[in-house]
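Letter by letter, the chains look like this.
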Amino acid sequence: MAIRPSMVRSYHVTTGGGIDGLSLRTHEPRTPGEGEVAVAVHATSLSFRELLVLRGQYVLPVKPDVIPVSDGAGEVVAVGPDVRRVRPGDRVTAALFPR
């Protein structure tokens, strides 16, 4: 079982704020809910999609205070109920268009 950090850092987006709309926050880790996975992110990138969101030009609705990670890689640190495909310690990636 992986040890969960006592505090985590994440970047959040203020839509329409441009690159200055990115803010780094420190907060308590959230326990994963049903079907959710908590990942310690080791690498990520800002894609063109995130730049459109930051500029306020993305064509679809964007939730307030979103964390911009369309593409990233990391390690599973916790899983919520009913998660069966991954477990803590697994290395994972996320991609906007995985196929």
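Residues numbered from 1 in each chain as written. Predicted model: local features only at pLDDT ≥ 70, side-chain atom pairs only at ≥ 80, totals over all residues. Heavy atoms only, no water.

Draft legend 1. A look at the overall build of the chain. Per the secondary structure count, the chain includes one helix and five strands. Its helices and strands taken in sequence order, the chain reads β-β-β-α-β-β from the N to the C terminus. Overall size of the chain, expressed as C-alpha extent along the three principal axes, is 40 × 35 × 25 Å. For the chain, buried positions account for 20% of its 99 residues. Considering only intrachain contacts with a sequence separation of at least 6, the fraction spanning at least 24 residues in the chain is 58%. (Helix = DSSP H or I, 4+ residues; strand = E, 2+ residues; numbered from the N terminus. Buried < 20%, exposed > 50% of the residue type's maximum accessible area, 1.4 Å probe, protein only. Contact = heavy atoms within 4.5 Å.)

Draft legend 2. Local environment of helix α1 (residues 48–55). Restricting attention to buried positions, one finds in α1 the residues Glu 50, Leu 52, Val 53 and Leu 54. Close packing links the buried residues of α1 with β1 (8–13), β2 (22–27) and β3 (37–45). Where α1 ends, the next residue or the one after it, Gly 56, has phi of about 75 degrees, a positive value.

Draft legend 3. Structural detail: the sheet that holds strand β4 (residues 71–79). A sheet is described by the order of its strands in space; here three strands give the open sequence β3-β4-β5, paired in antiparallel fashion. Looking along the sheet, the strands with just one partner apiece sit at the ends: β3 and β5 (91–94). Sheet twist, expressed as the average angle between the axes of neighbouring strands with direction ignored, equals 35 degrees. Of the pairings in the sheet, the one linking β4 to β5 comprises four bridges and is antiparallel in character. Paired with Gly 74 across the strands is Val 92, a residue of β5. (Pairing = 2+ DSSP bridges. Axes fitted to C-alpha atoms, helices over the stretch in contact; angles between N-to-C directions.)

Draft legend 4. The arrangement of the pattern of salt bridges in detail. Counted by the stated rule, this structure contains four salt bridges. Of the charged contacts, one joins Glu 36 and Arg 30 as a salt bridge, the two residues approaching to 3.2 Å between their closest N and O atoms. Among the ionic pairs, Asp 82 bridges to Arg 84, the shortest N-O distance being 3.9 Å. (Salt bridge = Lys/Arg side-chain N within 4 Å of Asp/Glu carboxyl O.)

Draft legend 5. The environment of Thr 93, seen in detail. Inspection of the secondary structure assignment puts Thr 93 in strand β5. Along the chain, Thr 93 and Glu 75 lie 18 residues apart, while their C-alpha atoms are 8.6 Å from each other. Sequence-distant contacts of Thr 93, defined by excluding residues within four places in its chain, comprise Gly 72 and Ala 73.

Draft legend 6. Summary view of the environment of Val 41. Note that Val 41 resides in strand β3. Taking the C-alpha atoms as reference points, Val 41 and Val 76, 35 residues apart in sequence, are found 8.7 Å from one another. Apart from residues lying up to four places away in sequence, Val 41 is in contact with Ala 73 and Gly 74.

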